[in-house]
Structures are given as structure tokens and as C-alpha cells.
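Observations on the model geometry
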Amino acid sequence: MQIHAITTSSATRHNAQLFKGINPNNAKNGISKAYDALTDVIAYGEGKLASTSLMKRFINFMKDKNYQQHIVASVGLVLSLFYMADTARSKNIEEDQKLPLIMNQGVVSVASTVGGYTLDNYLTKKLNNFTETFNIANISDEQIQKTILEMHKKKDSLEKTDFEKLFNILKKSQDNKNYTYEKNIKETFEVDRGTIKQLKQELKKNPENAVIKKVLSQIEAISQSDANKSAKVTEIYFKHINESPLMKKIFSRNGFTQSLKLVTENQKSLSQLMTGLKTAKSLMVFGLIYRFISPVIATPIANSMSERIEKKKSTKVSA
């Protein structure tokens, strides 16, 4: 019995050692440490990449862009190029049929891209106007809505007093939020690519506009690598704003848009809805043009072009 007892005890200790295995807590700690280390490496790498001048220029170039437009258009163009290359290499297509097919694919692709951008940009302007009207119509406070409507009527020529009037009302109705003209209107204004484009268009219409010419030349003189370029550009803009009706108009419209955002900031469903509409709009427009409209319009054009080329070839051969 004693021997049996000793044997059983030894077996129990042996079994305990066999089934001890890896401590789950130690395993979790190891995975957690590895995950943290990997996260640090990724974060450090992203930080280094984002700090490069090339990435800064890329971000600055893309920040005002419509990503949905460019993604859909890029995919369409790339696929068209693949189809054209595949048609040219195909052994199952007759040689005299390759050129018409390739031209058809190319013309449809170009026409679709141009048509997509044209229609999408047109609808974007219409949707922006609709967004303002839609948001104003959904303001629940009647006094705020009335004030915003008054501002909307003269959004091209708003003064500091107009913004302050709105902010005084908001201060009483929105948990005493202290909005100010300097902080919430002037400091939020940024001279983006859209602003520069408007100034250039104005200069193109009126080459003798000395103010716009001076502002653009001063902005262009600032180096792209200058870390304070954005602040310097804004400083130049405000320095000459009172000399140009267009610059005052751009700033006034921007201020109205910012005011409307402040008024509807608690109504997140509105902004989410409009963002969804803008995204869906670009996808639907390009999809509709690429799949249905352009092939119907562009195919006869492409066929006509290929027929002319074939006629010229046959004329040369016969000559």
C-alpha cells in the first residue's frame, strides 16, 4: 500500500508536469508585446513617410480633390487600356477587326471620362446649392433659421456684424457656446486650390486686374517646401482683401458655409446624408456614362474613324 501510494503520488506529480503547458497569461502578454512593437514600427514608419516633402506635396495636391471621381475614372481608363492591349494581342480576332475594336474602346474610354467629369462637376455645384437649402430647411430653431436665411440672401457680401448677430443668438440657444468672428470665421478660412482657381479665372477674364495679379504673383513666389506656406498665403489674401470685390465675395461665401456648419453641427445625420449623396452621385454618374451613354454615342464615331483609316490604307495599297 505504501509503495502504491508513493507510485500514485509520483504519477500525479508527473501528470501535473505534463499538462502544465504554456501559461495562457504569458502567451497573451507575448502577443500583446509583439502587437505593440509592430504598431510602434508602423506608426513610426507612417510618421516618417508623412513628414517627407513628397508626401506633403501629394497630400496638399489631393486634399481638395473629389476622390470618388478620380478613383472611378482611373479604374475605367486602366481597364480600357488592358482591353485595348488584349485586343491587339488576341489570336482569335481577325486582323482587320482589331483596329475598329481598339478605336471603339479608346474613344468610349475618353468620351466616358470627359463626360463623367463634366456631368459630375455640374451636379456637384447643383448639389452644393441643394445642401445649403436642405440644411437651412432642417434647422429646428426658428430664430436661428430666420437669421441664417437673411445671411443666405446676401452671402456674397456678409459683414462682421452679420456673423456676430448669429453668434449672439447661438450663445443663448446652444449651451452658451462662445463663437467669435476671429476664431470661427477668419481663422478657419483657408486659401485652397478652389480659391486660387477662381482668382486665376478672374485674371484670365480681366488681365488688367492689378490686385489679383499682385496677389497671385506673391502667392506663387512662396516655395512649395515652405512649412508656413499656408499661413503666408492666407496673410497675403487678407492683406489685399479690401482691394478686391472678388476676394471679399469668396471670403463671405466661405464664412456663410462655416456658419451653417456651426448651426447644424449637432445634426450629424444631415452631414452624413449629404456626404453619402455626394459619394453616391459620383459613382452613379461615372457608372451610367461608362456603361450606357458613352458606348451608344462613341461607338458610331469610333466605327467611322476606323473606316476612314481602312480606306486610306486600301488606297495606299492600290496605288
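Residues numbered from 1 in each chain as written. Predicted model: local features only at pLDDT ≥ 70, side-chain atom pairs only at ≥ 80, totals over all residues. Heavy atoms only, no water.

**Some words on the packing of aromatic side chains**
What describes a pair of aromatic rings is the distance from one ring centre to the other and the angle between the planes of the rings. Overall, the coordinates contain 7 aromatic pairs when judged by the stated rule. Where Phe-167 meets Tyr-179, the ring centres are 5.8 Å apart and the plane angle is 50 degrees; that geometry is what we call tilted. Within this pair, whereas Phe-167 is found in helix α7 (residues 160-173), its partner Tyr-179 is found in the loop between α7 and α8 (181-186), the two being separated by 12 residues in sequence. Phe-167 sits in the buried class, given a relative accessible area of 4%. (Phe/Tyr/Trp six-rings, centres within 6.5 Å; stacked < 30°, edge-to-face > 60°. Helix = DSSP H or I, 4+ residues; strand = E, 2+ residues; numbered from the N terminus. Buried < 20%, exposed > 50% of the residue type's maximum accessible area, 1.4 Å probe, protein only.)

**Quick look at helix α10 (residues 210-220)**
One turn of the α-helix equals 3.6 residues, which is why residues spaced by three or four share an orientation. Listed in full, the buried residues belonging to α10 are Val-211, Ile-212, Val-215, Leu-216 and Ile-219. Buried residues of α10 fall within an arc of 125 degrees about the axis and therefore sit on the same side. The outward face of α10, more than 90 degrees from its buried face, is lined by the exposed residues Ala-210 and Glu-220. Among the structural elements, α9 (193-205), α11 (229-240) and α12 (245-263) are those in contact with the buried residues of α10. The opening residue of α10 is Asn-209, an N-cap whose side-chain oxygen sits 3.3 Å from the backbone nitrogen of Val-211. (Arc of directions from axis to C-beta. Contact = heavy atoms within 4.5 Å. Polar contact = N/O pair within 3.5 Å; in protein donor to acceptor, adjacent residues only side chain to side chain.)

**What to know about α9**
Along its 13 residues, α9 runs 18 Å from first to last C-alpha, staying within 8% of the 18 Å computed at 1.5 Å per residue. Of all the residues in α9, the buried ones are Thr-195, Ile-196 and Leu-199. The buried residues of α9 occupy an angular sector of 100 degrees when the element is viewed end-on, so they sit on one face. Away from its buried face, by an angle of more than 90 degrees, α9 presents the exposed residues Lys-197, Lys-204 and Lys-205. Considering only its buried residues, α9 is in contact with α10, α11 and α12. (Expected span 1.5 Å × (residues − 1).)

**Observations concerning the packing of α7 against α12**
Where α7 meets α12, the axes come as close as 11 Å, and the angle between the chain directions of the two elements is 5 degrees. When the interaxial angle is binned, α7 and α12 end up roughly parallel. Between α7 and α12, the contacting residues are Phe-163, Leu-166, Phe-167 and Leu-170 on the first element and Ser-252, Gly-255, Phe-256, Ser-259, Leu-262 and Val-263 on the second. Grouping the amino acids of the contact of α7 with α12 by side-chain chemistry returns 7 nonpolar, 3 polar and no charged. (Axes fitted to C-alpha atoms, helices over the stretch in contact; angles between N-to-C directions. Parallel < 35°, antiparallel > 145°, perpendicular 65-115°, else oblique. Nonpolar A, V, L, I, M, F, W, Y, C, P; charged D, E, K, R; others polar.)

**Structural notes on the pattern of salt bridges**
Pairing is possible between side chains of opposite charge, provided their charged atoms come close. Evaluated as defined, the whole model comprises 7 salt bridges. The partner of Lys-160 in a salt bridge is Glu-164, with the nearest N and O atoms 4.0 Å apart. Of the two residues, Lys-160 and Glu-164 both sit in helix α7, 4 residues apart, roughly one turn of that helix. The closest approach of N and O atoms between Lys-214 and Glu-243, which form a salt bridge, is 3.9 Å. Of the two residues, Lys-214 sits in helix α10 while Glu-243 sits in the loop between α11 and α12, which places them 29 residues apart along the sequence. Looking at Lys-214, the relative accessible area reads 34%, which means it is partly exposed. (Salt bridge = Lys/Arg side-chain N within 4 Å of Asp/Glu carboxyl O.)

**Quick notes on the nonpolar core**
Ranked by internal contacts, the top residues of the largest apolar core, which has 36 residues, are Ile-144, Ile-148, Leu-166, Phe-167, Leu-199, Tyr-237 and Met-247. For this core, the element with the highest residue contribution is α12, accounting for 8 residues. (Core = buried A, V, L, I, M, F, W, Y, C linked by side-chain atoms within 4.5 Å.)

**Focus on the side chain of Ser-112**
Along the chain, the position of Ser-112 falls in helix α5 (residues 95-137). Accessibility expressed as a relative area gives 0% for Ser-112, which makes it buried. Within the local environment of Ser-112, its side chain forms a polar contact with the backbone oxygen of Val-108, the two atoms lying 2.6 Å apart.

**Let's talk about the environment of Leu-149**
Positionally, Leu-149 belongs in helix α6 (residues 142-153). Leu-149 sits 13 residues away from Ile-136 along the chain, and the two C-alpha atoms are 7.3 Å apart.

**Looking at the environment of Ser-112**
Taking the C-alpha atoms as reference points, Ser-112 and Pro-295, separated by 183 residues in sequence, lie 8.2 Å from one another. Discounting residues that sit within four places of it in the chain, Ser-112 has contacts with Ile-289, Tyr-290 and Ser-294.

**With respect to a nonpolar patch on the surface**
Residues Leu-288, Phe-292, Ile-293, Val-296, Ile-297, Ile-301 and Met-305 make up a contiguous nonpolar surface patch of about 660 Å² in total accessible area. Mapped onto the fold, Ile-297 is located in helix α13 (residues 268-318). (Patch = residues over 30% accessible without salt bridge, like charges linked within 9 Å, V, L, I, M, F, W, Y side chains within 5 Å. Areas by Shrake-Rupley, 256 points an atom, 1.4 Å probe, with all protein chains shown as cover.)

**Quick look at the packing of α10 against α11**
Where α10 contacts α11, the axes come no closer than 10 Å and their chain directions differ by 165 degrees. With respect to each other, α10 and α11 are oriented roughly antiparallel. Seen from above, α10 lies across α11 with right-handed handedness. On α11, the residues that touch Val-211, Lys-214, Val-215, Gln-218 and Ile-219 of α10 are Lys-229, Val-233, Ile-236 and His-240. Here the residues of the contact of α10 with α11 are counted per class, giving 5 nonpolar, 2 polar and 2 charged. (Left-handed = near helix turned anticlockwise from the far one by under 90°.)

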